[in-house]
Amino acid sequence: MRRFFSTPTNLLSRPPNPNLSIFFNKYIDKTQIYSWNSAIADLARSGNSLEALITFFSLGKFSLKPNFSSFPCAIKSCADLSALKPGKQIHLQALILGFESDVFISSALLDMYVECGELDDARKLFDEIPHRNVVSWTSMIKGYVQNDKNHQALLLFKKLLIDESERDVGDFLVDNVAAVTVLSACSRVSEMRMTRGVHGFLVKRGFEGDVGVGNTLMDAYAKCRDLSIARKVFDEMPERDVVSWNSMIAVYAQDGHSAEALKVFSQMLGGRDVDYNAVTLSTVLLACAHLGALQLGKCIHDQVIRMGLEENVFVGTSVIDMYCKCGRVEMARGAFDRMKEKNIKSWTAMVAGYGMHGRGKEALEVFYKMQAEGVKPNYITFVSVLASCSHAGLVEEGWHWFNTMREEFKIDPGVEHYACMVDLLGRAGCLNEAYDLIKRMKIRPDFVVWGALLAACRIHKNVELGEISARKLFALDPKNCGYYVLLSNIYADARRWDDVERMRVLMKNRGLVKAPGYSLVELKSKIHVFLVGDRKHPQHEEIYQYLETLYVKMKDAGYVPDTRLVLHDVDQEEKETILRVHSEKLAVAFGIINTVPGTTIHVIKNLRVCGDCHTAIKLIAKIVDREIVVRDSNRFHHFKGGFCSCGDYW
């Protein structure tokens, strides 16, 4: 008995609490098992799991035998510590003493095996439990979910429903905890049919009013890409907590519906029922970053400072990302430097921020400093490094880090890294080298890789490789009309108008419609949207008149419209008219009209800025003596004094 109940040696690797002996002497009657049980329970509940286990295994020293009350808290302590070996030893003791069938002990053992990742042992124990309750069912389902075995979790839930149907009327096994757990599985498998089925069941059971269930259900529908139902769940929740609001904001922000995310945040502020927290602000900053809403982003940053959250590593990283994506990389660097604690995401955000602004040298300097401070780069960090090299045309540096990530850091390149390298080589005009790299890939190239090559072919007017890339893309991503447009552009450059028309007919026959290009400008915290030839804006007459004035001055400065970019076989005058009303030109004119001289103009374009607009905006920036910052789908362009920060390399 004494040997059997001895303390496992691995528990002695950490010194126990020095106050433990005082606790024993003062509060424990060493001759009474109930006194020891109270001590074990108190230690476990207060988070002193190691001490609780040492106390349990000390019973043998006093020739005391544990009873059924001794086990649950000791087993819970094993679960908290993920201590499998002592957990198995306690399990064996319970088995020998005949306590394994006790509902509390069996549930605790099941949870312990789940927390230790031993699902086979957990399932074996689960199947042997004679009278399973909600806790045991939920623990087993949760174990599958935590270990990414979500289909097994859903199958077990179906078995739970069968078991429940065989019980007496009203003897339900599913509670709100089980409901949240199974919805988490639905969220991870992203199966709409399953999510709707579980949702219907929960409504019948009356769980729709539970906040936790509502929050998890919202997330499940969002993962199924049905934001309308996720919003309906949110709107119909009788009670919402801060997690509810944060989830709804995040659902919109992460899916690119940033304006909707900001509207929900505004509703949250107006309701006054729930206070926002660090997670809220971090998510709203993400929405501001996607939307390019600099003024609102600054207001949120001010609130972050007032709440003392700037040093919070997650919020601080969101601030960095927001300023980078809103065109203020220097402000991002200031926030980065003020952070006392930085994690890998903070460093990577700063590397990526410099990269998207074409400042590859600064991006690499941050990368070197990160390594000097002992932070090991990860998969995503190298994506940011290679993208930075691509935007700055640093071919040698790109090759170096592409090879180093595998040789020194043991990170195998993924499709994102290959896409960056193909983009880097392609932009630099090394199209054959880029194509050879694709052919040597050890993993199957996806649409991002082939898309990078096609875009490079568009820049360098390579019809042959453009057609090869396009054929691959038509097979990999047949519904994306952007590839047809790019190939059409390549044909137009080569003045192959019959092929341009063939692409147009092909798109029409396949039911593909080109996504309209638009440009955004933020003014006084309001977002103004412009489409090509837009005449819906209240100031459209003033904008067009101002553009005519600018057009004359640009002509005098040597501007020649690049009509090759118009994909229609129409006369020269009509081509010039089409170019003159591109959305980015309208947005720039609007920004100049409505701001005081010297103010920086910020424009966001959803597509790549066209070559003619790029040339025009360089001249406009010089004529009006302003800095104009344009964020397109690839990078940032800082126009000033007749030049662009990209060096005409984009």
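Everything numeric here is computed off the predicted structure, so don't read it as measured data.

Chemist: Help me understand the packing of aromatic side chains, please; the structure alone is not making it clear to me.
Modeler: A ring pair, where both rings are aromatic, is described by two values, the distance of the centres and the angle of the planes. One pass over the full model with this rule turns up 21 aromatic pairs. Relative to Phe 57, the ring of Phe 56 has its centre 5.3 Å away and its plane inclined at 85°; by these criteria the two rings are edge-to-face. Ring centres of Trp 399 and Phe 402 lie 6.0 Å apart, and the angle between their planes is 75°; this geometry places the pair in the edge-to-face category. Remark: Phe 402 and Trp 399 occur in helix α23 (residues 395-407); sequence separation between them is 3 residues, near one turn of the helix. Judged by its relative accessible area of 3%, Phe 402 falls in the buried class. What links up through ring pairs into an aromatic cluster is the set Phe 367, Tyr 368, Phe 382, Trp 401 and Phe 409. The aromatic ring of Phe 336 is capped on one face by Lys 342, whose charged end is 4.9 Å from the ring centroid.

Chemist: I keep staring at the environment of Ala 332 and nothing clicks. Help me out?
Modeler: Note that Ala 332 resides in helix α19 (residues 329-338). Residue classification places Ala 332 among the buried positions, given a relative accessible area of 0%. Remark: the alpha-carbon pair of Ala 332 and Leu 109, spanning 223 residues in sequence, is separated by 49 Å. When neighbours within four sequence positions are excluded, Ala 332 is seen to be in contact with Ile 320, Tyr 323, Cys 324 and Met 350.

Chemist: Could you clarify how one ought to interpret the packing of helix α28 (residues 482-493) against helix α29 (residues 497-509) in this entry?
Modeler: In helix packing, the relevant descriptors are the interaxial angle and the interaxial distance, both defined with respect to the helix axes. Packing of α28 against α29 leaves a shortest axis separation of 8 Å and a crossing angle of 165°. Comparing the axis directions of α28 and α29 gives the class roughly antiparallel. Along this stretch, α28 crosses α29, giving a crossing that reads as left-handed. Contacts from Tyr 484, Val 485, Leu 487, Ser 488, Tyr 491 and Ala 492 of α28 reach α29 at Trp 497, Asp 499, Val 500, Arg 502, Met 503, Leu 506 and Met 507. A breakdown of the residues in the contact of α28 with α29 according to their chemical character gives 10 nonpolar, 1 polar and 2 charged.

Chemist: Would you mind going over the pairing of strand β3 (residues 601-605) with me for this structure?
Modeler: Among the 5 residues that make up β3, 5 are buried, leaving the element largely enclosed by the rest of the structure. With burial as the criterion, each face of β3 is covered, one bearing Ile 601, Val 603 and Lys 605 and the other bearing His 602 and Ile 604. Two strands pair when backbone bridges link them, and strand β1 (residues 518-523) and β3 are joined in this way by 2 bridges, in the antiparallel orientation. Each residue of the ladder has a partner; that of Ser 519, found in β3, is Lys 605. One ladder, built from 4 bridges, connects β3 with strand β4 (residues 628-631); its direction is parallel. Looking at the pairing, Ile 601 lines up with Ile 628 of β4. Remark: the β3/helix α33 (residues 611-624)/β4 crossover connection has right-handed handedness.

Chemist: It is not clear to me how the side chain of Asn 246 should be interpreted in this structure. Could you clarify?
Modeler: Within the fold, Asn 246 resides in helix α14 (residues 242-254). For Asn 246, the residues in contact, after removing those within four places along its chain, are Met 268, Asn 277, Val 279, Thr 280 and Thr 283.

Chemist: Mind showing me how you'd approach the pattern of salt bridges here?
Modeler: Note that side chains of opposite charge can pair when their charged atoms are close. Going through the model one piece at a time under the given rule, you end up with 29 salt bridges. Of the charged contacts in the structure, one is a salt bridge between Arg 496 and Glu 467, with a shortest N-O distance of 3.5 Å. Remark: Glu 467 occurs in helix α27 (residues 463-476) and Arg 496 occurs in the loop between α28 and α29; sequence separation between them is 29 residues. According to the relative accessible area criterion, Arg 496 is partly exposed, its value standing at 32%. Assessed through its relative accessible area of 22%, Glu 467 is described here as partly exposed. Through salt bridges with shared partners, one network takes in Glu 467, Arg 496, Asp 499 and Arg 502.

Chemist: In this structure, what is going on with the sheet that holds strand β6 (residues 643-644)? I would like to understand it.
Modeler: Across a sheet, strands are paired by hydrogen bonds formed along the backbone, either parallel or antiparallel in direction. Reading across from one edge, β2-β1-β3-β4-β5-β6 is the order of the 6 strands in this open sheet, with mixed pairing throughout. Each having just a single partner strand, β2 (526-531) and β6 make up the two edges of the open sheet. Relative to β2, β1 runs antiparallel, the two sharing 6 bridges. Within β2, the residue paired with Val 521 across the bridge is His 528. Contacting β4, β5 (636-640) and β6, α33 runs over the sheet at an angle of about 40° to β5.

Chemist: I tried to follow the state of the cysteines on my own but got confused; where do I start?
Modeler: Scanning the model with the defined rule gives 0 disulfides in all. A disulfide-free cysteine, Cys 224 has its sulfur positioned 7.7 Å from the sulfur of Cys 186, the nearest such atom. Among the residues examined, Cys 224 registers a relative accessible area of 14% and is labelled buried. Considering cysteine sulfurs only, Cys 430 is the nearest to Cys 457, which forms no disulfide, with 13 Å between them.

Chemist: Help me out: how do you make sense of the packing of helix α30 (residues 540-556) against helix α32 (residues 583-593) in this one?
Modeler: Here α30 crosses α32 at 100°, and the two axes come no closer than 9 Å. As the angle between them shows, α30 and α32 are arranged roughly perpendicular. Contacts from Glu 542, Ile 543, Tyr 544, Tyr 546 and Leu 547 in α30 reach Lys 585, Leu 586, Ala 589, Phe 590, Ile 592 and Ile 593 in α32. Split into classes, the residues belonging to the contact of α30 with α32 amount to 9 nonpolar, no polar and 2 charged.

Chemist: Looking at this model, I keep getting lost on the nonpolar core. Mind explaining?
Modeler: The nonpolar side chains of a soluble globular protein tend to be buried, and buried together. Residues Ile 90, Ile 320, Met 350 and Leu 453 are the most contacted members of the largest nonpolar core, which totals 178 residues. Counting residues per element, this core draws most heavily on helix α16 (residues 278-291), at 8 residues. Contact partners of Met 350, with chain neighbours within four places excluded, come to Ile 320, Cys 324, Val 329, Ala 332, Arg 333, Phe 336 and Val 366. In this structure, Tyr 544, Tyr 559, Val 603 and Ala 621 belong to the second largest nonpolar core, which totals 34 residues.

Chemist: Got a minute to help me understand the pairing of β4 in this structure?
Modeler: Each regular strand carries side chains that alternate between the two faces of the sheet. Residues Ile 628 and Val 630 line one face of β4 and the alternating positions Val 629 and Arg 631 line the opposite face, and both faces are buried. When β4 meets β5, the two strands line up antiparallel, connected through 4 bridges. Considered in β5, the bridge of Arg 631 is made with Phe 636. Taken together, β4 and the strand that follows it, β5, pair antiparallel across an intervening segment of 4 residues.

Chemist: It is not clear to me how a nonpolar patch on the surface should be interpreted in this structure. Could you clarify?
Modeler: Among the surface-exposed residues, Leu 92, Leu 95 and Ile 96 lie close enough to one another that they form a single nonpolar patch of about 290 Å² accessible area. Within the secondary structure, Leu 95 is located in helix α5 (residues 84-96). Classification of Leu 95 as partly exposed rests on a relative accessible area of 47%.

Chemist: Help me understand the environment of Ala 557, please; the structure alone is not making it clear to me.
Modeler: Positionally, Ala 557 belongs in the loop between α30 and α31 (572-580). Under the relative-accessibility criterion, Ala 557 is labelled partly exposed at 48%.

Chemist: Would you explain the side chain of His 614 in this entry?
Modeler: Mapping His 614 onto the fold places it in helix α33. Ignoring anything within four residues of it in the chain, the contact list for His 614 reads Val 609, His 637, Phe 639, Cys 644, Cys 646, Asp 648 and Trp 650.

The rules behind the values
Along each chain, residue indices are assigned from 1 in the same order as the chain's sequence is written. Local features in this predicted model are restricted to residues of pLDDT 70 or higher, and side-chain atom pairs are both shown and tallied only at a pLDDT of 80 or more, whereas totals for entire chains, interfaces and linings draw on every residue. With hydrogens and water excluded, all non-hydrogen atoms of the structure serve as input to the side-chain values. The criterion for an aromatic pair is that two Phe, Tyr or Trp rings (for Trp, the six-membered ring) have centres within 6.5 Å, with stacked assigned to planes under 30 degrees apart, edge-to-face to planes over 60 apart and tilted to the rest. By the criteria applied, helices consist of DSSP H or I runs no shorter than four residues and strands consist of E runs no shorter than two, each listed in order from the N terminus. Burial status follows relative accessibility: with a 1.4 Å probe on protein chains alone, a residue under 20% of its type maximum counts as buried, one over 50% as exposed, and anything between as partly exposed. Comment: the charge-over-ring label is applied if NZ (Lys) or CZ (Arg) is within 6 Å of the ring centre and within 35 degrees of the ring normal. Throughout, a contact is declared for two residues whenever any of their heavy atoms are within 4.5 Å. Think of each axis as a best-fit line through the C-alpha atoms, taken over the contacting stretch in the case of a helix, with angles from 0 to 180 degrees between the N-to-C directions. Small angles under 35 degrees read as roughly parallel and large ones over 145 as roughly antiparallel, with 65 to 115 read as roughly perpendicular and the rest as oblique. In this scheme the handedness of a crossing depends on how the near helix is turned from the far one: anticlockwise by less than a right angle means left-handed, clockwise means right-handed. Residues are grouped as follows: Ala, Val, Leu, Ile, Met, Phe, Trp, Tyr, Cys and Pro are nonpolar; Asp, Glu, Lys and Arg are charged; all remaining types, including Gly, are polar. Strand pairing is assigned whenever DSSP detects at least two bridges linking the two strands. Consider the strands pointing away from the viewer: the crossover is right-handed when the path from the first strand over the helix to the second runs clockwise. One speaks of a salt bridge when a side-chain nitrogen belonging to Lys or Arg is within 4 Å of a carboxyl oxygen belonging to Asp or Glu. Disulfide assignment relies on a single distance test, namely cysteine sulfur atoms paired within 2.5 Å. Side-chain atoms within 4.5 Å are what join buried Ala, Val, Leu, Ile, Met, Phe, Trp, Tyr and Cys residues into a set we call a nonpolar core. The patch calculation keeps residues exceeding 30% relative accessible area without a salt bridge and links them within 9 Å when they carry like charges or within 5 Å when they are nonpolar (Val, Leu, Ile, Met, Phe, Trp, Tyr). Methods summary: accessible areas were calculated by the Shrake-Rupley approach with a probe of 1.4 Å, and residue burial reflects only the protein chains presented.

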